[in-house]
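# Chains, contacts and geometry: an overview
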Amino acid sequence: MAETPLHFRTITEVAEAIASKQVSPVEIAAAMLQRIDELDGRLKSYATVMADSAMAAAQKAAQEIDAGMSRGPLHGVPIAVKDLCFTKGVRTMGAAKVLADHVPSFDGTVIAKLKSAGAILLGKLNLTEGAMGGYNPEFDIPKNPWNPDRWTGSSSSGSGVATAAGLCLGSLGSDTGGSIRFPSAACGIVGLKPTWGRVSRYGVLALAESMDHVGPMTRSVADAGIMLEAIAGFDPNDPTSLLNPVPNMLEGIGQGIAGVRIGFDENYATNDIDIELAEAVRAGVEVLATQGAEIVDVQLPDVDEYVSAWPTLCSTEAVLAHAATYPSQRDDYGPWFQGWLDMGAQVSGADYAKANNLRAACTGHLRRVFEGIDVLVCPSMSAPPHVVTPEMLYGAYGARDLKFQRFTVPFDYNGAPDAICAVRHEQRRATVEHSVCRKTLDRTVIVSGWTRL
């Protein structure tokens, strides 16, 4: 079997290679930058490539490692971040024309933590405007590396593309209604939406602060744990960040899943979704059972009524997040996000309160479902990545079918950790590996990811 190319190795593998002096941080950073130069003109995943600072950081990492001052498994590892994360001296635009000249004077907490861990920041990744559903015509649309005509997920599309295509070894995305999980599923990688508050949002452009999450997007579950552990923790600059100590995110890897109680509602997970996807979910549950997990029948309510409240909540909070530029610079927004903000501006206090009550009810139902189980299995999307066109993605806002977000929004509502393990050819192995990882992620949801392109 041919050796896995350096750019497609996991963070874990590269960290071991760096520690054993098989490869230097300078060598791998240069190789990744060359690959970006060769491929990203077509894939459009990067908004800004930080070549000079990346090479300087790689040289510093190499010197520290040679001197025996290792900072851990991310030391010398090239990563990239969604262009919502404030990066000192580097444009942070959120794919919005109104922020095209926004250059922060400080690093957001997640950037500071990644740098402290010794990670090499290759650059900032493209996304949908404002981290919602459509693109501003001034910005590029990332292309799915497996099929450029198919959806890459929103909004962390650049993060999904770059990670899947080997243009970084791991990335950060953000998730308010599915924006880590959708691109992870569409591009065939691992994505983890952590517990709300587990990761500081200080220095991250907001969409809807009560539901925004920042988390890792990687090519293995262990890598997601490594990145999450590096960025997690209380931050006095973010009063919503959790006081809880950060656990060892890799504890339990490789120890099996015997006795783990996995909740499964077949109606919720397989009804009214793509047939092949439903079969993939059932197959994943069977694998978990053969590995010793206890499959527990649970019953969720019809969540579509509750999901219907999400546009009201998110669009209203988005108006607040963009108060400095909307409506004063309304015409500079692209058609999709402009329509989203216009909708939010029309929401009454009573409408918002009603939507918030629906959110609370949904959270209460889920709390009862989780009594007696450790994790819940469901899909991430209701269908495979659909065919897209630039006209569609640059076009005006249009309401989505409620089932589109029925597997993601409930866990943005309640802030529970929610992960997707999406692989193209190793569904059985990855599903088992994923379930083992949950032992360190509080009580989470295993979202069975899948790509058919």
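Counting from 1, residues in each chain are numbered in the order their sequence is written. Given that this is a predicted model, residues contribute local features only at a pLDDT of at least 70 and side-chain atom pairs are listed and counted only at 80 or more, while totals for whole chains, interfaces and linings are drawn from all residues. Only hydrogens and water are set aside when side-chain values are computed; all heavy atoms of the structure are taken into account.

In the nomenclature of an unreviewed UniProt entry, the chain is known as Amidase AmiD of Geodia barretti.

Attention shifts here to the UniProt feature "domain: Amidase" (unreviewed entry) in the chain. UniProt positions are given in the numbering used here, feature names are shortened, and annotations may be inferred rather than shown by experiment. The residues that UniProt annotates with the feature "domain: Amidase" (unreviewed entry) are residues 27–420. The way it works is that DSSP assigns letters per residue, a run of H or I at least four long becomes a helix, a run of E at least two long becomes a strand, and they are numbered from the N terminus. Helix makes up 37% of residues 27–420 and strand 12%, with an end-to-end C-alpha separation of 31 Å.

We now examine the pairing of strand β6 (residues 213–218). Here the term buried applies to any residue with accessible area under 20% of the maximum for its type, exposed to any over 50%, and partly exposed to those in between, with areas from a 1.4 Å probe on protein chains only. Most of β6 sits out of view: six of its six residues are buried. Bridging between strand β4 (residues 171–175) and β6 involves five bridges; their strand directions are antiparallel. By the bridge assignment, G173 is partnered in β6 with G215. For two strands to be treated as a pair, DSSP must find no fewer than two bridges joining them.

Moving on to the packing of helix α11 (residues 310–321) against helix α13 (residues 349–369). The convention used is that axes are lines fitted to C-alpha atoms, helices contributing only their stretch in contact, and that angles between N-to-C directions extend from 0 to 180 degrees. α13 packs onto α11 with a crossing angle of 125° between their chain directions and a minimal axis gap of 9 Å. What the angle tells us is that α11 and α13 run oblique. Taken as a pair, α11 and α13 cross one another with a handedness that is left-handed. Contacts from T312, L313, T316 and E317 of α11 reach α13 at D351, Y352, A355, N356 and R359. Any angle between 65 and 115 degrees counts as roughly perpendicular, while under 35 counts as roughly parallel, over 145 as roughly antiparallel, and the rest as oblique. Each crossing is labelled by how the near helix is turned from the far one, with a counterclockwise turn of less than a right angle marking it left-handed and a clockwise turn marking it right-handed. Contact between two residues is taken to exist if any of their heavy atoms lie within 4.5 Å; hydrogens are not considered.

What follows deals with helix α4 (residues 109–116). Among the residues of α4, T109, V110, I111 and L114 are the ones counted as buried. Against β2 (78–82), β3 (120–125), β4, β6 and α7 (221–231) lie the buried residues of α4. Of the residues trailing α4, G118 is marked for its positive phi of about 90°.

Before going further, it helps to spend a moment on the nonpolar core. Here, the term nonpolar core denotes a set of buried Ala, Val, Leu, Ile, Met, Phe, Trp, Tyr and Cys residues that are joined through side-chain atoms within 4.5 Å. One finds Y46, L74, V110, L114, W340 and Y413 to be the most contacted residues of the largest nonpolar core, which totals 119 residues. The dominant element in this core, judged by the number of residues it contributes, is helix α2 (residues 25–43), at six residues. Residues I141, W151, M381 and L393 belong to the second largest nonpolar core, which totals 10 residues.

Another aspect to go through is the confidence of the model for the chain. Confidence scores labelled pLDDT are given residue by residue by the predictor and lie between 0 and 100. Looking at the chain, the pLDDT average stands at 92 and 93% of residues meet or exceed 70. The low-confidence segment residues 423–444 (pLDDT under 50) makes 71 contacts with residues lying over four places distant or belonging to another chain. Counting interchain partners and residues more than four positions distant, the pLDDT-below-50 stretch residues 448–453 has 34 contacts.

Our next topic: the pattern of salt bridges. Salt bridge, as used here: a side-chain nitrogen of Lys or Arg that lies within 4 Å of a carboxyl oxygen of Asp or Glu. Summed over the entire model, instances satisfying the criterion amount to 18 salt bridges. In this structure, D331 engages R330 in a salt bridge whose closest nitrogen and oxygen atoms are separated by 3.7 Å. Overall, R330 belongs to the partly exposed group, its relative accessible area being 29%. Where salt bridges share partners, they join D175, R181, D412 and D418 into one cluster.

It is worth spelling out the pairing of strand β10 (residues 418–421) at this point. Side chains D418 and I420 of β10 all project onto a buried face; the interleaved residues A419 and C421 project onto the opposite face, where all are buried too. Sheet topology note: the strand β5 (residues 190–193)/β10 ladder contains four bridges and is antiparallel. Bridge assignment links G191 to a residue of β10, and that residue is I420.

Two kinds of site are reported from a 1 Å grid over the protein atoms alone, namely cavities, where a 1.4 Å probe fits but cannot get out, and pockets, open sets with protein on both sides within 12 Å along at least five of seven lines, and residues are called lining when an atom falls within 4 Å of a point. Grid points are joined across faces, edges and corners, and a volume is the space filled by probe spheres set on the points. A complete count under the given rule lists six cavities of 30 Å³ or more for this structure. If you trace the second largest cavity, you find 13 residues lining it, with M132, S179, W310, R400 and Q405 closest to the centre.

At the junction of S154 and S155, the peptide bond is cis and its omega measures out at 5° in the coordinates. Position of S155 among the secondary structure elements: in the loop between β3 and α5 (157–164). Here the bond from Y326 into P327 is cis, since omega is 10°, no more than 30 degrees from zero. When you line up the elements, P327 lands in the loop between α11 and α12 (335–345). Here the phi dihedral of A95 falls at roughly 60°; this positive angle occurs in a residue that is not glycine. With respect to the helices and strands, A95 occurs in the loop between β2 and α4. Within the chain, D272 stands out as a residue other than glycine whose phi angle is a positive 60°. Take D272: it is sitting in the loop between α8 (266–270) and α9 (275–290). By relative accessible area, which is 44% here, D272 ends up partly exposed.

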